[in-house]
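Observations on the three-dimensional arrangement
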Amino acid sequence: MSESRGHDQGMKPEASVDSPNLSRRRFLGGVGSVAAAAVASGTVALKPLVAAEPARAEGLEMESVTDMAARGATPAEIRREKAFQSRYNAALYHRNLPIERQDVNGDEARHPTYIGNYSKSLPHNSFGEVDPGAYQTLMNAARTGNADDFELIPTNGGRRLTSPQSGLAFDTQGADAQHFAVPPAPALSSAQAAGEAVELYWMAVLRDVNFLDYDTHPLVEEALADINKLSDFRGPKRGGKVTAQTLFRDAWPGIAKGPYLSQFMWMPTQYGAEYVERRMRTYPADSDHLTSYSDWLNAQNGFAEAFTDYDPVRRYIRNGRDLAEWAHNDVLFQAYFNACLILGHGVDDLNEPTHGGINCPVNPGNPYLRSRNQAGFSTFGGPHIKTLLCEVSTRALKATWYQKWQVHRRLRPESYAGRVHNQIVHNRYPGVLHDDVLNSAVVQKVHSKNGTYLLPQAFPEGCPTHPSYTAGHATVAGACVTILKAYYDETFPIYEPVMPTPDGLALVRYNGPGPLTVGGELNKLAMNIAHGRNIGGVHWRSDATQSMLLGEKIAISILRDQKACYNEHFDGFTFTKFDGTKVTI
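A few points on the structure. (Residues numbered from 1 in each chain as written. Predicted model: local features only at pLDDT ≥ 70, side-chain atom pairs only at ≥ 80, totals over all residues. Heavy atoms only, no water.)

The next thing to look at is the overall build of the chain. Counting its secondary structure elements, the chain contains 19 helices and nine strands. When burial is assessed residue by residue, the chain has 56% of its 585 residues classed as buried. Expressed as a percentage of contacts within the chain between residues at least 6 apart in sequence, the contacts between residues at least 24 apart total 76%. Roughly 24,300 Å² of accessible area belongs to the chain as shown, and the carbon and sulfur atoms make up 53% of that amount. (Helix = DSSP H or I, 4+ residues; strand = E, 2+ residues; numbered from the N terminus. Buried < 20%, exposed > 50% of the residue type's maximum accessible area, 1.4 Å probe, protein only. Contact = heavy atoms within 4.5 Å. Areas by Shrake-Rupley, 256 points an atom, 1.4 Å probe, with all protein chains shown as cover.)

Structure representation (structure tokens):
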């Protein structure tokens, strides 16, 4: 893989943790001697898949394909050896990569009551602060990686912790789930955390304002004035200020163009012989939750509301409430599978007509563009692309769940808002929370409406039962969008963009500034799903941003491994990363 500039090393670390998964140290003791030697040795350079002279390691016998043919080995035996050498070389490549340091923000050590960390579903006191002994059992399980220790974590209310061991699982393709690191999350007391919290409060206040009305709505003007007073806000700006066109967006290429929503969230989708109209089930206006202190405290202790009334009319996504509900009930990689269907068959069109979609060309690096008599299918074709979206999603979840449980254990915005409420009402945390959030106009606005300073949640149950950083939806978004940019021509324009009517009942032609390109709208799609979770009140801006970048790295590692496995003459895919640089894999 080549990149046009060096990797940004990110934030300066405040603290660090070693990889806690002791099962990795036990791994060599649980495999056969030949395989153990292959994994343990770091003396062999990476070789291509079909190497005439195979890689060798102490204690590992590997015969060259040439020697095997000379001694009369059968084609099946030669194929088996090639498969082994391919997997061995890929594993050795990852084995020899530098170990990335896992840095944390220090909140767990800084606050002995663990007020800066995730603890939902564990027992809490009346201020929503976790029982220290209960939290220590969680830390112990994360440290040991012992499955029995996870069973000792005490929980309340019937809501169980979500998959805290998944980041300890292994995969046989792509970088290990524990390989990649992310910068530390903003600390509880930081101005950055306060700035992100103020943005989340405004997201909640603006949930029922249509995205297409942001340029003119008075509440948006109030939000911009409040956010632009923050001492540390990391969202995109124009002329040094957050504007209606940059509000709640990211800085990735193409995101600032056109409507807030990606075209891939609105355009109709041909699903095989079926046709999917994109109107969705959503909540009516003002359907906010956990705004009373008793409801909030019950949620911290693992109890949850079970039901809320839906809008009886299905609508195209118009506003933050709709988008949050979409990201509440999506099927993991659904948004990107839809986008793949909308993009069309690509190179398959050489054989068959496209049924629906925009007929986006495939990436110029696709080897079948240069074949006069073959079309891609199982490799470099429709089935390959679509199943790969699912494949990278599973890798992304394991990697992000490792960051959640074994490294950061960051508290959710829901809990942070409880700290805000208890500081303003009871002076519970003097000097802990930054004045940017305590003195913000939006916190007072929420109190005037609800009688508390709690962050209104879009979902009845509030946040999920796993830590905030990193974010599963956003990591999957980064991984899947990277796959789509690798397989399709990201420069292709979307010729007939659409937008919804104000009531969300129909689509009309979008005639605003453009052009909108596939690459820009894919970046926007990742942003929509990631920030849709923020608008719901369950994630932070830094969760979304860093997780999309993590997902991108995971997808690139899988594409790199797979490149060595193809039989076609394939020089690699070139596409644009989130940071605007070009990468060739």
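Additional details are given in the paragraphs that follow.
Bringing unusual backbone geometry into the picture now. Note that the residue after Tyr469, namely Thr470, is joined by a cis bond; omega there is 0°. Tracing the chain through its elements places Thr470 in the loop between α16 (441-450) and α17 (472-487). The backbone of Leu290 shows a phi angle near 55°, a positive value even though the residue is not glycine. Take Leu290: it is sitting in the loop between β5 (274-276) and α10 (293-300). Positive phi, close to 50°, is recorded for Arg409, a residue that is not glycine.

Take helix α14 (residues 413-426) next. Look at α14: 19 Å from first C-alpha to last across 14 residues, which is about the 20 Å you get at 1.5 Å a residue. Counted residue by residue, α14 has eleven buried out of 14 residues, so it is predominantly covered. Residues Pro413, Glu414, Ser415, Tyr416, Ala417, Gly418, Arg419, Val420, His421, Asn422 and Gln423 constitute the buried set of α14. Among the residues trailing α14, Asn427 stands out with phi positive, at a value near 50°. (Expected span 1.5 Å × (residues − 1).)

Close contact between helix α8 (residues 191-205) and helix α9 (residues 218-227) brings their axes to 10 Å; oriented N to C, the two are set at 175°. By the angle class used here, α8 and α9 are roughly antiparallel. Every residue of α9 that contacts α8 at Val198, Trp202 and Val205 is listed here: Leu219, Glu222, Ala223, Asp226 and Ile227. Here the residues of the contact of α8 with α9 are counted per class, giving six nonpolar, no polar and two charged. (Axes fitted to C-alpha atoms, helices over the stretch in contact; angles between N-to-C directions. Parallel < 35°, antiparallel > 145°, perpendicular 65-115°, else oblique. Nonpolar A, V, L, I, M, F, W, Y, C, P; charged D, E, K, R; others polar.)

In this structure, Gln300 sits in helix α10. Apart from the residues lying within four places of it in its own chain, the contact partners of Gln300 are Ser119, Lys120, Ser121, Leu122, His124, Glu414 and Ser415.

The next subject is the packing of aromatic side chains. Counting across every chain of the model gives 20 aromatic pairs. Look at Phe211 and Tyr214: their rings are 5.6 Å apart centre to centre, the planes differ by 70°, and that puts the pair in the edge-to-face class. What makes Tyr214 buried here is its relative accessible area of 4%. Members of the aromatic cluster, connected to one another through ring pairs, are Tyr368, Phe380, Tyr487, Tyr566, Phe570 and Phe573. Directly above the aromatic system of Tyr310 lies the positively charged group of Arg281, at a separation of 3.8 Å from the ring centroid. Cation over ring: Arg428 sits above Phe127, and NZ or CZ is 3.9 Å from the ring centre. (Phe/Tyr/Trp six-rings, centres within 6.5 Å; stacked < 30°, edge-to-face > 60°. Lys NZ or Arg CZ within 6 Å of the ring centre and 35° of its normal.)

A few words on α17. Here α17 is 16 residues long and its end C-alpha atoms lie 23 Å apart, about the 22 Å a rise of 1.5 Å per residue gives. Within α17, 15 of the 16 residues are buried, which leaves it mostly tucked inside the rest of the structure.

Right, let's get into the pattern of salt bridges. Counting across every chain of the model gives 24 salt bridges. Arg321 serves as the salt-bridge partner of Asp288, at 3.1 Å between the closest nitrogen and oxygen. Within this pair, whereas Asp288 is found in the loop between β5 and α10, its partner Arg321 is found in helix α11 (residues 320-329), the two being separated by 33 residues in sequence. Its relative accessible area of 22% is what places Asp288 among the partly exposed residues. (Salt bridge = Lys/Arg side-chain N within 4 Å of Asp/Glu carboxyl O.)

What follows deals with the environment of Gly116. Looking at the element boundaries, Gly116 is found in the loop between α5 (107-110) and α6 (132-144). Classification of Gly116 as buried rests on a relative accessible area of 3%. Considering only alpha carbons, one finds Gly116 and Tyr416, 300 residues apart in sequence, at a separation of 7.7 Å.

Right, let's talk about the side chain of Arg395 for a bit. By the element assignment, Arg395 lies in helix α13 (residues 382-408). Judged by its relative accessible area of 14%, Arg395 falls in the buried class.

Before going further, it helps to spend a moment on the nonpolar core. Residues Tyr336, Tyr416, Val437, Leu484 and Tyr487 are the most contacted members of the largest nonpolar core, which totals 118 residues. Per-element tally for this core: the top contributor is α17, with ten residues. Setting aside its immediate chain neighbours within four residues, Leu484 contacts Tyr336, Ala339, Cys340, Leu343, Ile385, Leu389 and Leu522. Core analysis: the next-biggest nonpolar cluster, separate from the first, contains 14 residues, Leu122, Ile153, Trp401 and Trp405 among them. (Core = buried A, V, L, I, M, F, W, Y, C linked by side-chain atoms within 4.5 Å.)

Distances and angles like these do not, on their own, reveal function.
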